[in-house]
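Descriptive analysis of the structure
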Amino acid sequence: MTSSRPPAPGWTVPPQQASDGRALVLYVDVDEQSHELAAERLRASYRLLRADGDREACELLRTYERDLVAILLDVDLPGSVLDGILLTRILRGKVPSAALPPFARQMPRVEVPILLVTHRPESYSESELRKYGGDGLLPKPVDIGRVTLALTDWHLRR
Amino acid sequence: MSAPIDVARALFARGKSYEAEVIVMGALARDPSDGDARSAALALRRGLGLGPPQRAPELDLALVDAWIRRGYLVEALALLVAHPFADGTRSAEWADLLGELLAPVPAHAAPVFVEMHRQLLRGATTVAMAVLEDHATEEALPPWAARRLALLRWMLLDNAQSADAELPEGEAQDAGPSPLAQALHGALAQRSLAGAHDAASRFAMEHPADVEAAEVRDALYALVDEMSSQGQIDLRGAQTVPVMGRPAAAMQLQMASLQGAASLYRKLSRGQMAVPEARTLLAAVETVLAALAPKVAEKRFPRPRDGFEDATAPLSERAQALVGSPAAQRSGTFEDFEEPTRVADDGELPLDAFHEEETRVVTLPEDDTEHYLEQSDLMDTQRGGMDEAVRQARAELSFDDETVAGAPSSTEMTLIDVDVDVDEARRILAEVTGESVPAAPSPEPPTRRVVPSAAAGTAVHGNVKIARVVKVGS
């Protein structure tokens, strides 16, 4: 999962073995250090599934969509065709499939909360991000208190 | 303790609108009938925002602690995330623990865990703990669930017990559980009121004179009976958990959560809808709680030494005569004395006299220095109990306080500290007067030296010695 090389189109990531039962979260971020920090800070209650770009994120979502409790997306996703905001809109079914690159077509419409993460939270309007389908904006590096608070907010609003 | 809505308003005023909104949502989820929370949520939904609180709440860790004890976990987490606390390490630790506790359960978790999470979010922490404990009796909890159960116990039980045990500073070290409380501790730690009843029964049999033990035994019997009459509540897969009335209180008893049971019975025994049995059950719970409360040991004076006779000195004849006198009869005892109280006249309270304190500088005339030094010497001698040493010193140096006879007058003076160098003084005196001076024991070194401006006479050394000033002509 930590390889920087994206999986080939159509390739399906094999399911992970021996889950310890913690809630599974997809963390999409090209920054290795941010991922390691997040994994360390969240590991008490969350198990992170990491994708380092848009292509791998789509593959993992096709495989683990039913197992996820949340998705954490970097807003910028440098080096990817899709940024976090566009990926959010895709996962909420707000973008026509024909307008997407092949690896992002026929994506499942996810219902779990999508939290956008960034080093520059002041640069984005949370209300705008919510319009695109996001459920919260978190500063990087993320910590368990903020992530859980955002997910709690999502649960309370349902 | 500040209300969550007040805190939400305060956070909103500080620009923490997101956390304020979560607090409002948490309060509403905990109590849907909360009018303040409903109106605040409505205002937020309409984009109106929240007005400032009527009274600025104190945002500190004590508030977070109080919220956690009451089960306001969502609100506590939001406050920890929103507000920078002075004790950053501790607040960060609490935020992490609450973040772990409130985290969503895995996607395919058993319904019992989903229910546990739902109860946590709506503030029913005790129910959430009961759900986990009940499930743990049937099958082993997964590690993450076992961890949350431990966290819940820590937050609700251990913290509550430590809070109850808090004593004023200075008395804490004297506090300790009574033997009866120690006997009950094991069973209560295992959440077994029935076991506590057995322990109390044994203790009461072993200590038949202990009235409290018998009362606690009877109280525990009544509580165990109440648990049985309300039935064992089955929480397995329950979508609707009874959290009202006597069943809810009985559930607290099942977990040996006496504080929780007392709180519920207290509510049930009030108002027009009061449950008749609630008052009796509340008294039973409070009896047990009182027995478990740490006892403050009596402060005792140390034992007298061996051979010490506690004999009261006999009154003198005069005192004995006064005891039976009419004056003594009239005066009564101190406790009987009551000072008559009346409204004071305006002139009796010269409050203006206290407004300014006048300080006057007193200048010590130089000519009187010797006098004041002597006065100082006298006072110091009295304080130090050194009058005997002074007397001896005066006797040793039997000189007149006059200019030595035969010595020529001079404008030059030599001050010899005879305390320091008595031999030198003796030598000079012998040289001037031609008489030998009796030898004196060497004096102790002075503790403080004061050199007077007087040309002759007695000089004073600190608070101990009298020195001799000898005027010697050149």
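The written sequence of each chain sets the order in which its residues are numbered from 1. Lettering of chains starts at A and numbering of ligands starts at 1, both following the order in which they are written. Predicted model: local features are reported for residues with pLDDT of at least 70 only, side-chain atom pairs are reported and counted for 80 or more only, and whole-chain, interface and lining totals are derived from all residues. Think of the side-chain values as coming from all heavy atoms in the structure, minus any hydrogens and water.

Let's shift gears to the nonpolar core. By nonpolar core we mean a set of buried residues, namely Ala, Val, Leu, Ile, Met, Phe, Trp, Tyr and Cys, connected to one another through side-chain atoms within 4.5 Å. When a residue's accessible area, from a 1.4 Å probe over protein chains only, is under 20% of the maximum for its type it is buried; when over 50% it is exposed; and in between it is partly exposed. Counting 84 residues, the largest nonpolar core has Tyr46, Leu72 and Val147 of chain A together with Val64, Leu79 and Phe113 of chain B as the members making the most contacts within it. The secondary structure listing takes helices from DSSP runs of H or I that are at least 4 residues long and strands from runs of E that are at least 2 residues long, numbered from the N terminus. It is helix H5 (residues 73-82) of chain B that provides the largest number of residues to this core, a total of nine residues.

On to the interface of chain A and chain B. Facing the 25 residues of chain A at the interface are 28 residues of chain B. Defined here as a combined quantity, buried area equals the accessible surface (1.4 Å probe) lost by two parts on assembly, summed across both. Between chain A and chain B lies a buried interface of about 2100 Å² when both sides are counted; carbon and sulfur atoms form 68% of it. Here, a salt bridge means any Lys or Arg side-chain nitrogen found within 4 Å of an Asp or Glu carboxyl oxygen. Between the two partners, chain A and chain B, sit one salt bridge. Here arginine 157 of chain A makes a salt bridge to glutamate 21 of chain B, at a shortest N to O gap of 2.9 Å. Here a polar contact is taken to be a pair of N or O atoms separated by no more than 3.5 Å, where protein atoms must pair a possible hydrogen donor with a possible acceptor and residues adjacent in sequence count only if both atoms sit in side chains. On inspection of chain A and its partner chain B, the count reaches six residue pairs in polar contact (both at pLDDT 80 or more). Going through the elements one at a time, strand E3 (68-74), helix H4 (126-131) and helix H5 (144-157) of chain A are the ones with two or more residues in the side of chain A that touches chain B. Broken down by element, the side of chain A that touches chain B gets its largest block of residues, 12 residues, from H5 of chain A. In this classification, Asp, Glu, Lys and Arg are treated as charged, Ala, Val, Leu, Ile, Met, Phe, Trp, Tyr, Cys and Pro as nonpolar, and every other residue, Gly included, as polar. When grouped by side-chain class, the residues that make up the side of chain A that touches chain B number 10 nonpolar, six polar and nine charged. The contact rule is simple, with two residues in contact once any of their heavy atoms fall within 4.5 Å.

Below, the discussion takes up the side chain of threonine 118 of chain A. Residue and element names in this part refer to chain A. Relative to the helices and strands, threonine 118 is located in strand E4 (residues 114-118). Among the residues examined, threonine 118 registers a relative accessible area of 0% and is labelled buried. Non-local contacts of threonine 118, meaning those with residues more than four positions away in its chain, are made with Asp74, Val75, Tyr124, Leu137, Leu138, Pro139 and Lys140.

A few words now on the packing of aromatic side chains. Residues and elements named next belong to chain B. Only rings of Phe, Tyr and Trp enter the pairing, Trp through its six-membered ring, and a pair is recorded when the two centres are within 6.5 Å. The plane angle decides the type: under 30 degrees is stacked, over 60 is edge-to-face, the rest tilted. The final tally for this structure, using the stated rule, is two aromatic pairs over all chains. Between tryptophan 67 and tyrosine 72 the ring centres are 6.3 Å apart and the planes differ by 50°, which places this aromatic pair in the tilted class. Two conditions define a charge located above a ring, namely a distance within 6 Å from the ring centre to NZ of Lys or CZ of Arg, and an angle within 35 degrees of the ring normal. Positioned over the ring face of tyrosine 72 is arginine 30, at 3.6 Å from the centre of the ring.

In this section: unusual backbone geometry. In the segment running from lysine 140 of chain A into proline 141 of chain A, the intervening peptide bond is cis, with an omega of -5°. Position of proline 141 of chain A relative to the elements: it lies in the loop between strand E5 (136-139) and H5. Its identity as a non-glycine residue notwithstanding, leucine 77 of chain A has a phi of 45°, on the positive side. Looking at the element boundaries, leucine 77 of chain A is found in the loop between E3 and helix H3 (84-91). Here alanine 256 of chain B, not a glycine, exhibits a phi torsion of approximately 60°, which is positive. Looking at where alanine 256 of chain B falls in the secondary structure, it is placed in the loop between helix H13 (245-254) and helix H14 (258-268).

Attention shifts here to the side chain of histidine 83 of chain B. Residues and elements named next belong to chain B. Relative to the elements of secondary structure, histidine 83 occurs in the loop between H5 and helix H6 (88-102). Overall, the relative accessible area of 14% leaves histidine 83 in the buried class. Among the polar contacts made by the side chain of histidine 83, one reaches the side chain of arginine 14 at a distance of 3.2 Å. Residues in contact with histidine 83, not counting those within four places in the same chain, are Arg14 and Leu59.

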